[in-house]
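Read off the chains here:
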Amino acid sequence: MTPLVEIHGLKKRYAPKNGAGEGNLAVKGISLSIQKGEIFSLLGPNGAGKTTTISIMSGLIAPTEGDVIIGGHSITKNAVAVKKLIGVVPQEIALYPELSARTNLEFFGRLQGLGGAALAKRCDEVLEFIGLRDRQRERIDTFSGGMKRRVNIGVGLLHKPTLVFMDEPTVGVDPQSRRSILDAVKALNQQGMTVLYTTHYMEEAEELSDRVGIMDHGELIALGKQIELIQQTGVKDAIILKLPSEHIEAAQTLLRALPVISNVEVDSDHSDKLHLLSDRGRQALPHVIRALDEANMIPTAIQISEPNLESVFLHLTGRALRD
Ligand SMILES: Nc1ncnc2c1ncn2[C@@H]1O[C@H](COP(=O)(O)OP(=O)(O)O)[C@@H](O)[C@H]1O
Ligand SMILES: [Mg+2]
């Protein structure tokens, strides 16, 4: 199947400040494709090059090298055709603060070629979808961060795009708005929309994505389904047990002997905690409990920690995503 989006060797060098030096190579040669119907996340820390990539894909800035093909059209050669297919929700909120939510939607809808009854109907639908029908006549500058975000998203949906780009749509919103934005992304996808979502929040990429591309310093350092990426790191599940201090040594010996456990170490900061490594933490846990029980040792706390996208990032870069 031909992918909906193909990014080919994309590079972007920004013009140097004050004309001095080479300029920042913000995107260093990215290639990936996105299938129709996917939620694809670009995950990476601030400055990774996510917004630069989205801006090129939206036709806002030109690439230094490479191209993006969307629905068979090149963004560098036929941006008009691409723009009909895409809805863009920019990272920076782009609304008129002194106008109402509805007037903003009407304004941007007209820019996208909508008008008359069709525009009115579409504004009704979008306001309903973003949950702001009751507040549609109120000015944007009276809205919370989360409400502004939702209007920003609404603008990107007005012309019913095939594909929507959402660039960090949950930054600076309250938890409730974040929840409603993530649910909206899933609902759009269920209606058949393909979504390119960028975030520096590992949990969001984890919750939403069919596939993930991890970006760092302008490069795509990992690409695939979450489970594949996690397996590639070889990071094991950890079971962390808290035990009465007098049992730690005996428990360590006992648990090391279990075939389901590959390693047991005492926590470097807490002498009453053991870290057990296993290929399958959840399956190993009953064996661990049984062995301890038979030796009359009762853990006072148990925690399973499974590798996630954060572990993948740490494994590949040696840094935490949050740094
Ligand atoms: N207009 C610009 N001019 C020069 N450098 C820029 C510009 N926009 C972004 N950059 C730089 O490009 C790099 C990538 O930025 P960006 O694409 O915004 O990353 P992200 O969205 O992942 O946080 C950063 O080092 C940033 O400072
Ligand atoms: Mg950004």
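Analysis parameters
- Residues numbered from 1 in each chain as written.
- Chains lettered and ligands numbered in written order.
- Predicted model: local features only at pLDDT ≥ 70, side-chain atom pairs only at ≥ 80, totals over all residues.
- Heavy atoms only, no water.
- Donors = N, O, S within 2.8 Å, 3.2 Å for Na, K, Ca; no water.
- Helix = DSSP H or I, 4+ residues; strand = E, 2+ residues; numbered from the N terminus.
- Buried < 20%, exposed > 50% of the residue type's maximum accessible area, 1.4 Å probe, protein only.
- Near = heavy atom within 4 Å.
- Polar contact = N/O pair within 3.5 Å; in protein donor to acceptor, adjacent residues only side chain to side chain.
- Nonpolar A, V, L, I, M, F, W, Y, C, P; charged D, E, K, R; others polar.
- Pairing = 2+ DSSP bridges.
- Axes fitted to C-alpha atoms, helices over the stretch in contact; angles between N-to-C directions.
- Domains from an automatic or database assignment.
- Contact = heavy atoms within 4.5 Å.
- Expected span 1.5 Å × (residues − 1).
- Parallel < 35°, antiparallel > 145°, perpendicular 65-115°, else oblique.
- Left-handed = near helix turned anticlockwise from the far one by under 90°.
- Phe/Tyr/Trp six-rings, centres within 6.5 Å; stacked < 30°, edge-to-face > 60°.
- Lys NZ or Arg CZ within 6 Å of the ring centre and 35° of its normal.

## Description of the coordination of the magnesium ion (ligand 2)
Within the protein, the atoms that donate to the magnesium ion (ligand 2) are T51 (OG1) and Q91 (OE1), at distances of 2.0 to 2.1 Å. Taken together, the positions of T51 in helix α1 (residues 50–57) and Q91 in the loop between β6 (86–89) and α3 (101–111) put the pair 40 residues apart, joining distant regions of the chain. You can call T51 partly exposed: its relative accessible area is 32%. When its relative accessible area of 24% is taken as the criterion, Q91 is described as partly exposed.

## Concerning the site of ligand 1
Looking at ligand 1, the residues that line it are Y14, N24, A26, P45, N46, G47, A48, G49, K50, T51 and T52. For ligand 1, an oxygen atom lies 2.8 Å from a polar atom in the side chain of T51. A per-element tally of the shell around ligand 1 places α1 first, with 3 residues. Looking at the shell around ligand 1 residue by residue, the classes come out as 4 nonpolar, 6 polar and 1 charged.

## Points about the sheet that holds strand β11 (residues 237–242)
Across the sheet, which stays open at both edges, the 4 strands sit in the order β12-β13-β11-β14 with antiparallel pairing between neighbours. Each edge of the sheet is formed by a strand with only one pairing partner; in this case those strands are β12 (263–266) and β14 (301–305). Between one strand and the next, the sheet's axes are offset by a mean angle of 20°, whatever the strand orientation. The pairing of β11 with strand β13 (residues 273–278) spans 6 bridges and is antiparallel.

## Considering the domain arrangement of the chain
Segmentation of the chain into domains returns domain 1 (5–231) and domain 2 (236–306). Computed over C-alpha atoms, the centres of domain 1 and domain 2 are 44 Å apart.

## Things to note about the sheet that holds strand β8 (residues 194–199)
Judged by pairing direction, the sheet is mixed, and its 6 strands sit side by side in the order β6-β7-β8-β3-β9-β10 without closing on themselves. Of all strands in the sheet, those bounded by a partner on one side alone are β6 and β10 (219–224). If you compare each strand with its neighbour and ignore which way they point, the axes differ by 15° on average. Of the pairings in the sheet, the one linking strand β7 (residues 163–167) to β8 comprises 5 bridges and is parallel in character. Opposite M166, over in β8, you have Y197 as the bridge partner. Across the sheet, α1 touches β3 (39–43), β6, β7, β8 and β9 (211–216), and the angle it forms with β8 is around 150°.

## Observations concerning helix α5 (residues 145–157)
Relative to the 18 Å expected for 13 residues at 1.5 Å per residue, α5 spans 19 Å between its end C-alpha atoms, a close match to the ideal helical length. Among the 13 residues that make up α5, 11 are buried, leaving the element largely enclosed by the rest of the structure. Along α5, the residues that are buried comprise G146, M147, R149, R150, V151, N152, I153, G154, V155, G156 and L157. Contact partners of the buried residues in α5: β6, α3, α4 (116–129), β7 and α6 (175–190).

## Some thoughts on the packing of α3 against α4
Any two packed helices are characterised by how steeply their axes cross, that is the angle between the axes, and by the distance between the axes. Direction vectors running N to C along α3 and α4 enclose 130°, while the axes themselves pass 10 Å from each other. By the criterion of interaxial angle, the relationship of α3 to α4 is oblique. α4 is crossed by α3, and the crossing has right-handed handedness. Contacts from A101, R102, L105, E106, G109 and R110 of α3 reach α4 at L119, A120, C123, D124, V126 and L127. Of the residues contributing to the contact of α3 with α4, the split by class is 7 nonpolar, 1 polar and 4 charged.

## Let's talk about the packing of aromatic side chains
Counting across every chain of the model gives 3 aromatic pairs. Ring geometry for Y96 and F107: centres 5.2 Å apart, planes at 85°, overall edge-to-face. Residue Y96 is located in the loop between β6 and α3, and its partner F107 is located in helix α3; the two are separated by 11 residues in the primary sequence. On the numbers, 5.2 Å between centres and 80° between planes, the contact of F107 with F108 is edge-to-face. Taking the relative accessible area as the measure of exposure, F107 reaches 31% and is therefore partly exposed. Each member of the aromatic cluster is reached from another via a ring pair, and the members are Y96, F107 and F108. When the ring centre of Y201 is taken as origin, the NZ or CZ atom of R178, which lies over that ring, is 4.3 Å away.

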